[in-house]
Amino acid sequence: MTILSQAFNFASRRGILLRKKLLLTIQRTSPFCRAVLGLKSPSVLPSCATSIFPISSVLSISARQISSTMAAKTPFERLPTNVVPVNYDVTLKPSLKSFTFEGSETIQVTVVEPTKAISVNCIEIEVKSVQYQADGGSEITGTIEYKKENEIAVFTFPEQLPAGKGSLKLTFTGELNDRMKGFYRSKYTGPDGEDRYGAVTQFEASDARRSFPCWDEPALKATFDITLVVPKNRVALSNMPVISETDDSSDSSLKVVKYDKTPIMSTYLVAYVVGEYDCVEGKDENGVLVRVYTPVGKKEQGQFALDVAVKTLPFYNKYFNIAYPLPKIDLIAIADFSAGAMENWGLVTYRETALLIDPKNSSSTAKQWVALVVGHELAHQWFGNLVTMEWWTHLWLNEGFASWIEYLCVDHCFPEFDIWTQFVNQDLGRALDLDALHTSHPIEVPVGSPDEVDEIFDVISYSKGASVIRMLHNYIGDEDFRKGMNSYLTKYAYKNTFTEDLWGSLREASGKPVDKVMTTWTKQMGFPVIKVTESQDGNNRVLKLSQEKFNADGKTVAGESSEWLVPITISTSDSPNTPVKSVLLEGPSMTVTLENVKPGAWVKLNSGSVGMYRVHYTSEMLDALTPAVRDKTLPPRDRLSLENDLFALARAGLASSVDVLKVTEGFINEDNYTVWSDLSLNLSKIAGMLQYTDGYEAYKVYERALFGPVAKSLGWEQKEGEGVLKSMLRELALVRLGRYGDPDIVAEARRRFADHCDGKAVLPADLRSPVYVTVLVNGDEDIFNKMLKLYDEADMQEEKVRIARLLGSTKDEKLIKRTLDFALSDKVRSQDSTFVIAGVTGSVKGREMGWQFVKDNWTEIHKRYTGGFLLARLCKSMTDGFVTEEKAQEVETFFKENTAPGAERSINQALENVHLNAAWMKNQSASVVTFLKDRPAA
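Residues numbered from 1 in each chain as written. Predicted model: local features only at pLDDT ≥ 70, side-chain atom pairs only at ≥ 80, totals over all residues. Heavy atoms only, no water.

K.L.:
Can you break down the overall build of the protein residue by residue, with the values?
P.N.:
Along its length, the protein carries 31 helices and 31 strands. Here the protein has a C-alpha radius of gyration of 29 Å; the compact-globule value for 938 residues is 30 Å, and the two agree. With the C-alpha coordinates of the protein rotated into their principal frame, the extents come out at 90 × 75 × 55 Å. When the 938 residues of the protein are sorted by exposure, 61% land in the buried category. Relative to all contacts within the protein whose residues are 6 or more apart in sequence, the contacts with residues 24 or more apart total 72%. Of the roughly 35,200 Å² of accessible surface on the protein, a fraction of 51% belongs to carbon and sulfur atoms. Once the 106 positive and 121 negative side-chain charges of the protein are each reduced to a mean point, those two points are 2 Å apart. (Helix = DSSP H or I, 4+ residues; strand = E, 2+ residues; numbered from the N terminus. Rg over C-alpha atoms; globule rule 2.2 N^0.38 Å. Buried < 20%, exposed > 50% of the residue type's maximum accessible area, 1.4 Å probe, protein only. Contact = heavy atoms within 4.5 Å. Areas by Shrake-Rupley, 256 points an atom, 1.4 Å probe, with all protein chains shown as cover. Lys, Arg positive; Asp, Glu negative; His and termini not counted. Charge placed at Lys NZ, Arg CZ, Asp CG, Glu CD.)

K.L.:
Kindly report on the pattern of salt bridges, identifying the contributing residues and their values.
P.N.:
Scanning all chains against the criterion turns up 62 salt bridges. With a closest N to O distance of 3.0 Å, Asp 832 and Arg 351 form a salt bridge. Of the two residues, Asp 832 sits in helix 25 (residues 830-838) while Arg 351 sits in strand 22 (residues 347-351), which places them 481 residues apart along the sequence. Accessibility classification places Asp 832 together with Arg 351 in one group, the buried group. Notably, a salt bridge pairs Lys 531 with Glu 548, separated by 3.6 Å at the nearest N-O pair. Highlighted residues: Lys 531 in strand 25 (residues 528-537) and Glu 548 in strand 26 (residues 540-549), separated in sequence by 17 residues. Exposure remark for Lys 531: the relative accessible area of 33% places this residue in the partly exposed category. (Salt bridge = Lys/Arg side-chain N within 4 Å of Asp/Glu carboxyl O.)

K.L.:
Outline the sheet that holds strand 29 (residues 589-594), listing residues and values.
P.N.:
Across the sheet, four strands lie side by side as 29-26-25-31; this open sheet has mixed pairing. Looking at strand neighbours, the two that pair on one side only are strand 29 and strand 31 (614-616), the edges of this open sheet. Pairs of neighbouring strands in the sheet enclose a mean axial angle of 30°, with direction left out of account. In this sheet, strand 29 lies alongside strand 26 in antiparallel orientation, the contact comprising six bridges. Bridge pairing in strand 29 links Lys 544 to Thr 591. (Pairing = 2+ DSSP bridges. Axes fitted to C-alpha atoms, helices over the stretch in contact; angles between N-to-C directions.)

K.L.:
Describe the sheet that holds strand 20 (residues 328-334), with residues and values.
P.N.:
Spatial ordering of the open sheet is given by 18-19-20-22-21, a layout of five strands whose pairing is mixed. Where the open sheet ends on each side, the last strands, each with one partner, are strand 18 (278-283) and strand 21 (341-342). By the bridge criterion, five bridges tie strand 19 (residues 289-294) to strand 20 in an arrangement that is parallel. Paired with Val 290 across the strands is Ile 329, a residue of strand 20. Contacting strand 20, strand 21 and strand 22, helix 6 (residues 364-380) crosses the sheet at an angle of about 150° to strand 22.

K.L.:
Describe in detail the packing of aromatic side chains, supporting the description with residues and values.
P.N.:
Scanning all chains against the criterion turns up 46 aromatic pairs. Plain terms: the ring middles of Trp 404 and Trp 420 are 6.5 Å apart, the flat faces sit at 40° to each other, and that makes the pair tilted. Of this pair, Trp 404 sits in helix 7 (residues 395-413) while Trp 420 sits in helix 8 (residues 419-435), and the two are 16 residues apart along the sequence. Here the two residues Trp 404 and Trp 420 agree in accessibility, since each one is buried. (Phe/Tyr/Trp six-rings, centres within 6.5 Å; stacked < 30°, edge-to-face > 60°.)

K.L.:
Could you give me a rundown of the side chain of Arg 935, with the residues and numbers involved?
P.N.:
Mapped onto the fold, Arg 935 is located in the segment after helix 31 (925-934). Polar contacts involving the side chain of Arg 935 include one to the side chain of Glu 665, which spans 3.0 Å. Every residue in contact with Arg 935, bar those within four places of it in the chain, is listed here: Glu 665, Tyr 702 and Ala 705. (Polar contact = N/O pair within 3.5 Å; in protein donor to acceptor, adjacent residues only side chain to side chain.)

K.L.:
Could you give an account of the environment of Ser 186, with specific residues and numbers?
P.N.:
On the secondary structure map, Ser 186 appears in strand 11 (residues 182-189). For Ser 186, a relative accessible area of 3% translates into the label buried. Among the polar contacts made by the side chain of Ser 186, one reaches the main-chain amide nitrogen of Asp 336 at a distance of 3.1 Å.

K.L.:
Quick rundown of the packing of helix 17 (residues 673-690) against helix 18 (residues 696-714)? Include the residues and the values.
P.N.:
Where helix 17 meets helix 18, the closest approach of the two axes is 10 Å, and the angle between their N-to-C directions is 170°. Judged on the interaxial angle alone, helix 18 and helix 17 are roughly antiparallel. Between helix 17, through Trp 676, Ser 680, Leu 683, Ala 687 and Leu 690, and helix 18, the contact on the second element is made entirely by Tyr 696, Tyr 699, Tyr 702, Glu 703, Leu 706, Phe 707 and Val 710. Along the lines of polarity and charge, the residues of the contact of helix 17 with helix 18 split into ten nonpolar, one polar and one charged. (Parallel < 35°, antiparallel > 145°, perpendicular 65-115°, else oblique. Nonpolar A, V, L, I, M, F, W, Y, C, P; charged D, E, K, R; others polar.)

K.L.:
So what's going on with the confidence of the model for the protein? Which residues, and what values?
P.N.:
Per-residue confidence for the protein gives a mean pLDDT of 90; residues scoring 70 or more make up 92%. Per-residue pLDDT stays below 50 along residues 1-73; that stretch engages in 118 contacts with residues further than four places along the chain or on separate chains. (pLDDT = per-residue confidence, 0-100.)

K.L.:
Please give an account of the pairing of strand 26 that cites residues and values.
P.N.:
In terms of strand pairing, strand 25 meets strand 26 through ten bridges, oriented antiparallel. Paired with Gln 536 across the strands is Arg 541, a residue of strand 26. The turn linking strand 25 back onto strand 26 is made up of two residues, and Gly 538 within it adopts a positive phi angle of 65°.

K.L.:
Describe unusual backbone geometry, listing the residues and the values that go with them.
P.N.:
Omega for the bond connecting Glu 204 with Ala 205 falls within 30 degrees of zero, at 10°, which places this linkage in the cis form. Positionally, Ala 205 belongs in the loop between strand 12 (195-202) and strand 13 (223-231). In this model, Asn 606 sits at a positive phi of 65°, which is unusual for a non-glycine residue. By secondary structure assignment, the location of Asn 606 is in the loop between strand 30 (603-605) and strand 31. Phi at Lys 632 takes a positive value of approximately 65°, unusual for a residue other than glycine. Turning to its location among the elements, Lys 632 is positioned in the loop between helix 14 (619-630) and helix 15 (636-651). Owing to a relative accessible area of 31%, Lys 632 belongs among the partly exposed residues under this scheme.

K.L.:
Summarise the packing of helix 7 against helix 10 (residues 459-476); cite the residues concerned and give the values.
P.N.:
Between helix 7 and helix 10, the shortest axis-to-axis distance is 7 Å and the interhelical angle comes to 65°. It follows from the interaxial angle that helix 7 and helix 10 lie roughly perpendicular. By crossing handedness, the relation of helix 7 to helix 10 is classed as right-handed. Residues Leu 395, Trp 396, Glu 399, Gly 400, Phe 401, Ser 403 and Trp 404 of helix 7 pack against Ser 461, Tyr 462, Gly 465, Ala 466, Val 468, Ile 469, Arg 470 and His 473 of helix 10. Split into classes, the residues belonging to the contact of helix 7 with helix 10 amount to eight nonpolar, five polar and two charged. (Left-handed = near helix turned anticlockwise from the far one by under 90°.)

K.L.:
Kindly report on the nonpolar core, identifying the contributing residues and their values.
P.N.:
One broad rule of soluble globular proteins: the nonpolar side chains tend to lie buried together. Core analysis: the largest hydrophobic core is formed by 301 residues, its most contacted members being Trp 215 and Leu 605. No other element matches helix 7, which puts twelve residues into this core. (Core = buried A, V, L, I, M, F, W, Y, C linked by side-chain atoms within 4.5 Å.)

K.L.:
Can you break down the pairing of strand 18 residue by residue, with the values?
P.N.:
Across six bridges, strand 18 lies against strand 19 in antiparallel orientation. Bridge pairing in strand 19 links Lys 283 to Leu 289. What sits between strand 18 and strand 19 in their antiparallel hairpin is a turn of five residues, with Gly 287 showing a positive phi close to 85°.

K.L.:
Break down the side chain of Ser 238 for me, citing the residues and quoting the values.
P.N.:
Tracing the sequence through the fold places Ser 238 in strand 14 (residues 235-238). Contacts of Ser 238, omitting those with residues within four sequence positions, involve Ile 226, Tyr 259, Ala 271, Tyr 272, Lys 328 and Leu 347.

K.L.:
Break down helix 29 (residues 885-897) for me, citing the residues and quoting the values.
P.N.:
Spanning 13 residues, helix 29 covers 19 Å between terminal C-alpha atoms, matching the ideal 18 Å at 1.5 Å per step. For helix 29, every residue scored as buried is listed here: Lys 887, Ala 888, Val 891, Phe 894 and Phe 895. Axial view of helix 29: buried residues confined to an arc of 130°, hence all on one face. Exposed and oriented more than 90 degrees from the buried face of helix 29 are Glu 886, Lys 896 and Glu 897. Among the structural elements, helix 26 (844-856), helix 27 (858-865), helix 28 (869-877) and helix 30 (904-923) are those in contact with the buried residues of helix 29. (Expected span 1.5 Å × (residues − 1). Arc of directions from axis to C-beta.)

K.L.:
Explain the environment of Ala 918 to me, and be specific about the residues and the numbers.
P.N.:
Within the secondary structure, Ala 918 sits in helix 30. Separated by 30 residues in the primary sequence, Ala 918 and Ala 888 have C-alpha atoms spaced 9.3 Å apart. Apart from the residues lying within four places of it in its own chain, the contact partners of Ala 918 are Val 883, Thr 884 and Glu 885.

Now the structure itself:
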């Protein structure tokens, strides 16, 4: 149910009329609905916008049909459906010298209603000619009109096209742009060290229209026959296997590569790549050919991803009980790529850092990241590609599900990662942080214009989506979940769906009210805080639970009355790993009785941190849990969620930050990497604000005392038989101690850095980040220059990215300036520049200089990244660390005068975070500083 259908329900309940003004953003309705509204076209509404219709007429519109088309902000028209595509036969000839391409296509179409005009999506393409030929008819030539603001080309013909089948023939030219969208050029270094260029694609969400005129909407699926005319000395790939390769009759240096017909699919999943690559290949247990393409000379760096993919495909085959539907799958590392990866059917594209692993020089963190990304993109081959959301409103169906099941897959392939505990930190924690803001948005958010789509490729669609899927999976159980998934994917194979279709399949498989429960999580913004009190009744513990919306500022908005159906699990000290009770909170409050829970025993809600909610305990309940943190009888995921909830409650003013820091000291015996990782993230937020006080030096002492014991227990050297999580914990602890000036860590890091630079002892990959951070934070210009030299000499993109993102750690104002200039230089790939700029925000001076740099270079930055999520992330990361209302006003004023399409939501979220920081500074900073200064010396 979208905002519009919610309005329908509201109007019906109140027995009032709904003004047609509400309907002005409906783009596509059923023929019956159009008749009711007096419409002749599916995409145009009459001008009498003030007309009022009886609600019975309005409600006759199918909510399914309109749910995906209500624009959130921008009046927007989807393409008319009087003509629909059946098959595209596309030939493209890119020039890697002039950075242009020539194209031709024949599109088999069905004319649903007779028309003289055909509208398709087309932008930054010049159509040279257009002809239409009805089956059995003669060819007629059309005229071309562009509607650039709507990214549409309209082909008008001298006579009406009859209903039935026909073919639309086009020739066109376009540019291989340098903006990492559509059909674009990618710069890389050839085997001879010279700069080379390839041609690659990135079409999600709506950029296929930059490569060939098409019906560029996910619901308008078709088959595709792709042909590429490319240099003979280049690798050329597309979604399907090659069926023929011949010489180009007009140019002996070129070859014509034709690919097999694709399944029925959406335009955003079409892909082709031209460049120089090496390859490693294998087959999974079902005989599917799997290839990983790497830069020339680096094929060994593709082996890890190949091993993961060969394990992953059969895992999904069995989980969904549906075979992978294509004969091959290629995974390819792209030099210039804005996203992390893209799930094009049969040809998955990746950033180099998301695919390539050097057996000797890649860190444990990098290996885990590659495993997760490969698992994510291969899940899309079923969930997203085989079955696709009807419109971008339902994007979360793709991304939320894949972001959940990637963990299930990695847990199967690499149980040593303890990956579900990391999920609580990396996905659930991030989702809770963002979704507590008043500027968040529902999982299922109305999307109209393509400009709006990039904004919802965010933590809500991915991480909150994954978190509610995980909660649902736990609620109905794995067996019924798998049955429901098989039913869903089988029923809707090669089709498009709405969120309600998934809920229906899972409801039928489980017999539980899935749609009723999940609608409360996808249709409304935010999540609840569960407040719990307890009393003892003999051998039983009686809990009183209540829910209310949790807001990051602790304030309830007037009229706010959100309520969720909340699956709640409860564990006790006698059963720490298995819930003793599972209940569904269906109203504002309920009472739960736990049998045989003795006085003094602890009780923990949200066992295993599966639920998308926070818990507010009484002081007595928290006191009972604290010893279980210290002796680790409380499981890691529960220790993590306990401290995470406390930090959030303190930020909201519902708990004392001083009390939370005291509880944090109880983690002194902690040995779990993920718990430490979450603690460090939460502490970093406080540290950033304390930089503006005279208590920052005392805070550094506090951090050194907290992280010192775990670092000492691990030491610098990896021990025999040590697992990957110990390596990651060592890296984390050393980074914290080095950043906060532990003298022993600083001295050792400097020694190891000198030996590394001199070639005496190369740093292990897992020690590079802590050593680099430590020497940069505590170093001078000589150290900075050595880091730049290491960057220039690095052959692996992982190492370049690691160094570039850490350069901004320096404290020296002159070196911060050099870092910012370096970020926009030719030495840094455009895809990485935003992260290098954001790297300076770890200090007050860096934050100020970075923000000024963005303002001074806004024209160039905006030109580079407009219309993409990198701009949104940069705007947010450069501003949300400020701590005064004056700074918030400055940021707001700048973005009023300098618009950032696609980044507005992120900017508003950053501003809200600044307000939260300012409130914390006003209300809690003084007491925290006093606590830190009064702590006894270590």
